[in-house]
Amino acid sequence: MTAFVLTVFLLVYLGLFLGRLPFLQLDRTGVVLLGAIALVATEVVPLSGIGEVVHLPTLALLFAFMVISAQLRLGGFYDWVVVWLDRRALAPPVLLGAVIAVAAALSAVFSNDIVCLAMAPVLAQLCRARGYAPLPHLLALACAANLGSALTLIGNPQNMLIGEVLRLDFGDYLRVAALPVLLGLLSTWVIIAGLSRGHWLEASASLLPSALGRAGEVGVPLDRWQTFKGLTVAALLCAAFLWAHWPRDLLALAGAGLLLTSRRLHSRQMLGLVDWQLLVLFVGLFIVNHAMQQTGLPAQAVAVLADEGLDLQEPAPLFAASVLLSNLVSNVPAVMLLLPVAQAPVDGPLLALSSTLAGNLLLISSIANLIVVQAAARQGVVIDWRAHARVGLPVTLVSLVIAAAALLPWRA
């Protein structure tokens, strides 16, 4: 049975690395789901025991914030933010800084993927309408969304998982992450502004006032009441996370339930914007990784690495492993693999920062990057791996160095 579990595990993570399995019409979620089905069908993981294997608080928190983000998308909040920036008629370098600040702030609460999905198309239109080169601003959106999501324990799925499994305090993590994230965002602006010097405008562009803000027809029109409801619930939840000692997952579910009780927004609309594939991916990974842990092979591998001088229970090797695995199999699977060795107080923030900041390294390192690329392509803006690496590589290296330096005093 150990050989069977190992085979399933290797095939699943091969699929995560490749994005699919050869000759099969399966994406990453499909590959993980198929592996989980194989383990449950053979009773390696009994169907009756799935509730003990799957970490329900993480799923509940993730689902709840998907509902809150759906409320804001349907209320037109994200589109309004970009239109508001357009109305400021900012010069390109200033707009770049504004995009970085706004994307990071929103991603810290509402998830980087959602922010990129909502803002990227409108931002591309804004740049085109003003004659600005869209590329630096779209790359800034992706980098800032990844960086900003590292600020809190609700900014992205892997941080939610780390915070819930390791029971990290919301405020303590925020204090640790604030300085490296803020310095990383500042470095992002400096790097992209420096690389874009002399290339802020599109060829033959004329700096005419944009019609984007005046038209008010881009994306979803702003519904002030629905937006107010969503922002109020999010603000109350963040305050509760900071100062109350109630379970975050239950608080978030209560907030999501409050928003679902609406007379104007149908639950079908809101639930239609929930990323069910990501939730299924989580469930499948919990099952696959649990089965692998039960074989004892991961513990043996950790012991062998420690004998070779790479003790994953030490901060430096764990930091390096997190960065490497996050770029090989994506950050959520990487974090699930490494969580069992996270024992020291510093390990939670270390995993959260390293796995998230690593998402800027390559085009395929983060779903947020791919979302921006796809949205840009629909607007006629091509972002290939070279264009992304030109920005992503220095941004990632600088932000990781800053994070590593910030974590050193907190090691004990």
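Residues numbered from 1 in each chain as written. Predicted model: local features only at pLDDT ≥ 70, side-chain atom pairs only at ≥ 80, totals over all residues. Heavy atoms only, no water.

## Side note on the overall build of the protein chain
Condition: Starting at the N terminus, helices and strands are each numbered in turn, a helix being any DSSP run of H or I of at least four residues and a strand any DSSP run of E of at least two. Radius of gyration: over C-alpha atoms. The globule rule applied is 2.2 Å multiplied by the number of residues raised to the 0.38 power. Here the term buried applies to any residue with accessible area under 20% of the maximum for its type, exposed to any over 50%, and partly exposed to those in between, with areas from a 1.4 Å probe on protein chains only. Residue contacts are defined here by distance: any two heavy atoms, one from each residue, within 4.5 Å place the two residues in contact.
Within the protein chain one finds 21 helices and zero strands. Against the 2.2 N^0.38 benchmark of 22 Å for 412 residues, the protein chain shows a C-alpha radius of gyration of 21 Å, consistent with a compact globule. Taken along the three principal axes of its C-alpha coordinates, the protein chain extends 65 × 50 × 50 Å. Burial analysis of the protein chain (412 residues in total) assigns 54% to the buried set. Contacts in the protein chain between residues far apart in sequence, at least 24 positions, make up 79% of those at least 6 positions apart.

## Concerning helix α15 (residues 276–295)
Where we set the bar: For a helix, the expected span equals 1.5 Å multiplied by the residue count minus one.
Given a rise of 1.5 Å per residue, 20 residues ought to cover 28 Å, and the 29 Å separating the end C-alpha atoms of α15 matches this to within 8%. For α15, the complete set of buried residues consists of Leu278, Leu279, Leu281, Phe282, Gly284, Leu285, Phe286, Ile287, Val288, Asn289, Ala291 and Met292. Positive phi appears at Gly296, one or two residues downstream of α15, with a value of about 85 degrees.

## A closer look at the packing of helix α1 (residues 2–18) against helix α2 (residues 28–41)
Note the cut-off: Every angle, taken between N-to-C directions, lies between 0 and 180 degrees, and every axis is a line fitted to C-alpha atoms, over only the stretch in contact when it is a helix. Oblique is the label for every angle not falling under 35 degrees (roughly parallel), over 145 degrees (roughly antiparallel), or within 65 to 115 degrees (roughly perpendicular). Polar here means any residue other than Ala, Val, Leu, Ile, Met, Phe, Trp, Tyr, Cys and Pro, which are nonpolar, and Asp, Glu, Lys and Arg, which are charged; Gly is therefore polar.
Contact pair α1 / α2: the axes reach a minimum separation of 8 Å and the direction vectors enclose 170 degrees. Considered as vectors, α1 and α2 are oriented roughly antiparallel to each other. Contact with α1, carried on its side by Phe4, Val5, Val8, Leu11, Val12, Gly15, Leu16, Phe17 and Leu18, involves Arg28, Val31, Val32, Gly35, Ala38 and Leu39 of α2 and no other residues of that element. Considering only residue class, the contact of α1 with α2 consists of twelve nonpolar, two polar and one charged.

## Considering the confidence of the model for the protein chain
Close inspection of predicted coordinates is inappropriate in any region flagged by low pLDDT. Which entries qualify depends on this criterion: pLDDT measures the predictor's confidence residue by residue and takes values from 0 up to 100.
Averaged over all residues, the pLDDT of the protein chain is 89; the fraction at 70 or higher stands at 95%. Scored below 50 in pLDDT, residues 204–211 makes twelve contacts in the model with residues more than four places away or belonging to other chains.

## Comments concerning the pattern of salt bridges
For the record, the criterion: We define a salt bridge as a side-chain nitrogen of Lys or Arg found within 4 Å of a carboxyl oxygen belonging to Asp or Glu.
Following the criterion strictly, the structure yields four salt bridges and no others. The closest approach of N and O atoms between Arg248 and Glu164, which form a salt bridge, is 3.3 Å. Placement of Arg248 in helix α13 (residues 248–260) and of Glu164 in helix α9 (residues 157–165) is noted, with a sequence separation of 84 residues between them. With a shortest N-O distance of 2.4 Å, Arg175 and Asp172 are connected by a salt bridge. Residue Arg175 and its partner Asp172 are located together in helix α10 (residues 170–196), separated by three residues, close to a single helical turn.

## Notes on the packing of helix α6 (residues 92–110) against helix α7 (residues 112–130)
Going by this rule: With the far helix as reference, a near helix turned anticlockwise by less than a right angle produces a left-handed crossing, and one turned clockwise produces a right-handed crossing.
One can describe the packing of α6 onto α7 by two numbers: an axis separation of 9 Å at closest approach and a directional angle of 155 degrees. As the angle between them shows, α6 and α7 are arranged roughly antiparallel. In this structure, the crossing between α6 and α7 has a hand that is right-handed. Contacts between α6 and α7 involve Leu95, Val99, Val102, Ala103, Leu106, Ser107 and Phe110 from the former and Asn112, Ile114, Val115, Met119, Leu123 and Leu126 from the latter. Partitioned by chemical class, the residues of the contact of α6 with α7 number eleven nonpolar, two polar and no charged.

## Looking at a nonpolar patch on the surface
So the rule is basically this: Residues enter patches when their relative accessible area tops 30% and they take part in no salt bridge; the joining distance is 9 Å for like charges and 5 Å for the nonpolar side chains Val, Leu, Ile, Met, Phe, Trp and Tyr. Surface accessibility follows the Shrake-Rupley procedure with a 1.4 Å probe radius. Residue values consider only the protein chains on display as shielding.
A surface patch of nonpolar side chains, about 520 Å² in accessible area, is lined by Leu11, Leu14, Phe17, Leu18, Leu324 and Leu328. Put simply, the parts of the chain that give the nonpolar patch at least two residues each are α1 and α17 (315–329). Element by element, the count of residues in the nonpolar patch is highest for α1, at four residues. Residue class for Leu18 comes out partly exposed when judged on its relative accessible area of 44%.

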